[in-house]
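# Close look at the chain arrangement
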Amino acid sequence: MTEILRVLRLTKIFKLHLLGGKEVVGCKDISFNLGAGEVLGIQGPSGAGKSTVLKCIYRSYVASTGQVFYRSINGVIDLLQAQERDILELRRQEIGYVSQFLRVVPRVSALQVVAEGLLLQGREESSALRDAGRLLTYLGIPRELWDASPATYSGGQQQRINVARAVVTRPRLLLLDEPTASLDEQSKRRVNDLILDLKRSGTAILMVSHDRESLEQVADRMLFLDNVSENQSGEGNRLAFKVAHH
Ligand SMILES: Nc1ncnc2c1ncn2[C@@H]1O[C@H](COP(=O)(O)OP(=O)(O)OP(=O)(O)O)[C@@H](O)[C@H]1O
C-alpha cells in the first residue's frame, strides 16, 4: 500500500494572549501514518485534540512542532513547511476537508457550493453542476432546495452539503471532522457509503468521529487520542493505538 501521509510528533500549543499568555495543549506528540485506500478513525473525548490534528494537517492551524509528510502527485512535501500557495493548490487539487460546522456564504446556492471545487479544477460548468446535483440527490437534498443558500438549511442538511462539497472532487486525501454527527440513519448510511466508495478508489481518509457505529463500518484502524488530562493537570499525553481489522 502506498503511504500517503506520515505524521511525526505533531504538536500544537495555543497561547492565549487574552489570558495572560496561558498555554493550552491542542495536541501533543501525535504520530501515525496512512496509506492509499485506507481509513484511519480518530476517537477520543471532547477536547482531546482530534479537530486540532486535522486542522494542523489542512493548515488551518499552524502547528507548533512536528512534521507532516504528504505524498502528492508531484512528490513528497512537508505540509507544515510548505508555501501558502502550494497549500492552496493542494487543497484545490488533492486534499479535501469536511469541517465540523459548515461555514456558509450568504447568497451562494447549495448547488454552487458543491460544484465550486470542480469549477476550480477547470471542469466545464454544466458538467460540474450535473455532478453536484447527482451528489445532492444521493444525499437526499430535495431539488427545490438546491438554489437556496445553505444558511437556510437544517443542521443535518448543512452537514450533507458540507460532505458533498468535499467529496465531489474525489480527493487523494480526505480529512473528515464528524461527518455523520447530526445525521439521521439513512443519511449516515449514505455518507458512510460515499466514504467507502472513495476508499475503494484509493483515497486516504482520516475520520474524526464520536459515532462508533460509523467508525466500525468504515475504519481499518483506530487512533485514540486523550489529551484532556494534559490540559487539566499538566500530566503527559496518553496515546494508544487500537488496531481493528475488517
Ligand atoms: N483556536 C483555539 N484556541 C485556543 N484553544 C484551542 C483552539 N482550538 C482548540 N483549542 C483547545 O485545544 C484542545 C483540543 O481541542 P479540539 O477541538 O482539537 O478537541 P476535539 O478532540 O476535537 O474535541 P470535540 O470532540 O469536542 O470536537 C482543547 O483544550 C481546546 O480548548
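This text follows the structure it describes.
Cut-offs and rules
Residues numbered from 1 in each chain as written. Predicted model: local features only at pLDDT ≥ 70, side-chain atom pairs only at ≥ 80, totals over all residues. Helix = DSSP H or I, 4+ residues; strand = E, 2+ residues; numbered from the N terminus. Buried ≥ 20, exposed ≤ 12 C-beta atoms within 10 Å, placed from the backbone. Contact = placed C-beta atoms within 7 Å. Core = buried A, V, L, I, M, F, W, Y, C linked by C-beta atoms within 7 Å. Pairing = 2+ DSSP bridges. Axes fitted to C-alpha atoms, helices over the stretch in contact; angles between N-to-C directions. Parallel < 35°, antiparallel > 145°, perpendicular 65-115°, else oblique. Left-handed = near helix turned anticlockwise from the far one by under 90°. Nonpolar A, V, L, I, M, F, W, Y, C, P; charged D, E, K, R; others polar. Near = placed C-beta within 6 Å.

## Some remarks on the overall build of the protein
The helix and strand tally for the protein stands at 8 helices and 10 strands. Residues counted as buried form 41% of the 246 residues belonging to the protein. Of the contacts formed within the protein by residues at least 6 apart in sequence, a portion of 70% connects residues at least 24 apart.

## Overview of the nonpolar core
General note: in soluble globular proteins, nonpolar side chains tend to be found buried as a group. Ranked by size, the top nonpolar core spans 64 residues in total, and within it V114, L136, A164, L175, I205, L206 and M207 carry the most contacts. For this core, the element with the highest residue contribution is helix α3 (residues 110–120), accounting for 6 residues. Among all residues touching L175, those that are not within four sequence positions of it are L54, I57, Y58, G96, Y97 and L206.

## Regarding the sheet that holds strand β2 (residues 22–35)
Read from one edge of the open sheet, 4 strands run β2-β1-β4-β5, paired in antiparallel fashion. At either end of the open sheet lies a strand with only one pairing partner, and these are β2 and β5 (75–78). Going from strand to strand, the sheet's axes swing by 20° on average, the running direction of each strand aside. With 4 bridges joining them, strand β4 (residues 65–72) and β5 adopt antiparallel strand pairing.

## Let's talk about the packing of α3 against helix α4 (residues 125–138)
Helix-helix packing is described using two parameters, namely the angle between the two axes and the distance between the axes. Closest axis-to-axis distance for the α3/α4 pair is 8 Å, and the angle between their directions is 125°. Relative to α4, the element α3 is oriented oblique. Here α3 runs over α4; the crossing is right-handed. Where α3 approaches α4, its residues A110, L111, V114, A115, L118 and L119 are matched on the opposing element by E125, A128, L129, D131, A132, G133, L135 and L136. Here the residues of the contact of α3 with α4 sort into 11 nonpolar, 1 polar and 2 charged.

## With respect to the site of the ligand
The ligand sits among 12 residues. The nearest are F14, S46, K50, S51 and T52. Every element with two or more residues in the shell around the ligand is listed here: β2 and α1 (50–58). When residues of the shell around the ligand are assigned to their parent elements, the largest contribution, 3 residues, is made by α1. Grouping the constituent residues of the shell around the ligand by class yields 3 nonpolar, 8 polar and 1 charged.

## What to know about the packing of α3 against helix α5 (residues 155–167)
Running from N to C, α3 and α5 point in directions that differ by 25°, and their axes come no closer than 7 Å. Here α3 lies roughly parallel to α5, going by the angle between them. Residues A110, V113, V114 and G117 of α3 touch α5, and the partners they reach there are I161, A164 and R165. Of the residues that constitute the contact of α3 with α5, the class distribution is 5 nonpolar, 1 polar and 1 charged.

## Concerning unusual backbone geometry
Positive phi is not limited to glycine here, since R170 has a value of about 50°. The topology assignment puts R170 in the loop between α5 and β7 (173–177). Taking the number of C-beta atoms within 10 Å as the measure of exposure, R170 has 15 and is therefore partly exposed. A positive phi angle is found at E178, which is not glycine, with a value near 55°. With respect to the helices and strands, E178 occurs in the loop between β7 and α6 (185–200). Classification of E178 as buried rests on a count of 21 C-beta atoms within 10 Å.

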